[in-house]
Amino acid sequence: MDRFSILLTIPVGAVATGAFTILAFNLGFYAWPAVIGAAVLGFALSWPLAYVISRRVKRQDPNWDETRVERTGTVPNPAAREV
């Protein structure tokens, strides 16, 4: 379970939706379907983008050590340390 990516989902979704909307406007699409399509695309990509950003931040953190986290079954313990 990656709690950091869950926290990043809303801001990343807002930024992605805004970027897709600006891209649609720059391409000359000013109708509502373009805005709704950009919102759907931003919503659909918000968690995958947040997950990638979370992994990259953790990979670049010198104090982060994934090997010290113990692997237990399929359902993580909510009180356990961050993975």
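A quick note: this is a predicted structure, and the numbers were derived from the prediction, not measured. (Residues numbered from 1 in each chain as written. Predicted model: local features only at pLDDT ≥ 70, side-chain atom pairs only at ≥ 80, totals over all residues. Heavy atoms only, no water.)

Asks: Let's hear about the side chain of Ser 54: which residues, and what values?
Replies: Note on placement: Ser 54 falls in helix α2 (residues 32-60). Judged by relative accessible area, which is 0%, Ser 54 ranks as buried. For Ser 54, the residues in contact, after removing those within four places along its chain, are Asp 2, Phe 4, Ser 5 and Leu 8. (Helix = DSSP H or I, 4+ residues; strand = E, 2+ residues; numbered from the N terminus. Buried < 20%, exposed > 50% of the residue type's maximum accessible area, 1.4 Å probe, protein only. Contact = heavy atoms within 4.5 Å.)

Asks: Pulling in residues and values, what's your account of helix α1 (residues 3-26)?
Replies: Taking 1.5 Å as the rise per residue, α1 with 24 residues should run 34 Å; its terminal C-alpha atoms sit 35 Å apart, in good agreement. The principal kink in α1, of about 40 degrees, is found at Thr 9, preceding the proline Pro 11 by one to four residues. Taken together, the buried positions of α1 are occupied by Ser 5, Leu 8, Thr 9, Val 12, Gly 13, Ala 16, Thr 21 and Ala 24. Where the residues of α1 are buried, they touch α2. (Expected span 1.5 Å × (residues − 1). Bend = angle between axes of the 7 residues up to and from the residue.)

Asks: With reference to specific residues and values, describe the packing of aromatic side chains.
Replies: The relation between two aromatic rings is expressed through the spacing of the ring centres and the mutual angle of the planes. Within the structure shown, the criterion is met by two aromatic pairs. With a centroid separation of 5.7 Å and an interplanar angle of 20 degrees, the aromatic rings of Phe 25 and Tyr 30 are classed as stacked. Overall, the relative accessible area of 63% leaves Tyr 30 in the exposed class. (Phe/Tyr/Trp six-rings, centres within 6.5 Å; stacked < 30°, edge-to-face > 60°.)

Asks: I'd love a proper account of the environment of Arg 81, names of residues and values included.
Replies: In this structure, Arg 81 sits in the segment after α2. Expressed as a C-alpha distance, the spacing of Arg 81 and Arg 3, which sit 78 residues apart in the sequence, is 9.9 Å.

Asks: I'd love a proper account of the side chain of Thr 9, names of residues and values included.
Replies: Inspection of the secondary structure puts Thr 9 in helix α1. If we ignore the near neighbours within four places in the chain, the residues touching Thr 9 are Ser 46, Trp 47 and Ala 50.

Asks: Describe α2, listing the residues and the values that go with them.
Replies: Over its 29 residues, α2 runs 40 Å from end to end, which matches the ideal 42 Å to within 8%, given 1.5 Å per residue. Approximately 45 degrees is the largest bend angle found in α2, and it occurs at Ser 46, with the proline Pro 48 only one to four residues beyond. All buried positions along α2 are accounted for by Ala 38, Gly 42, Ser 46, Ala 50, Ser 54, Arg 55 and Lys 58. Tucked inside the fold, the buried residues of α2 contact α1.

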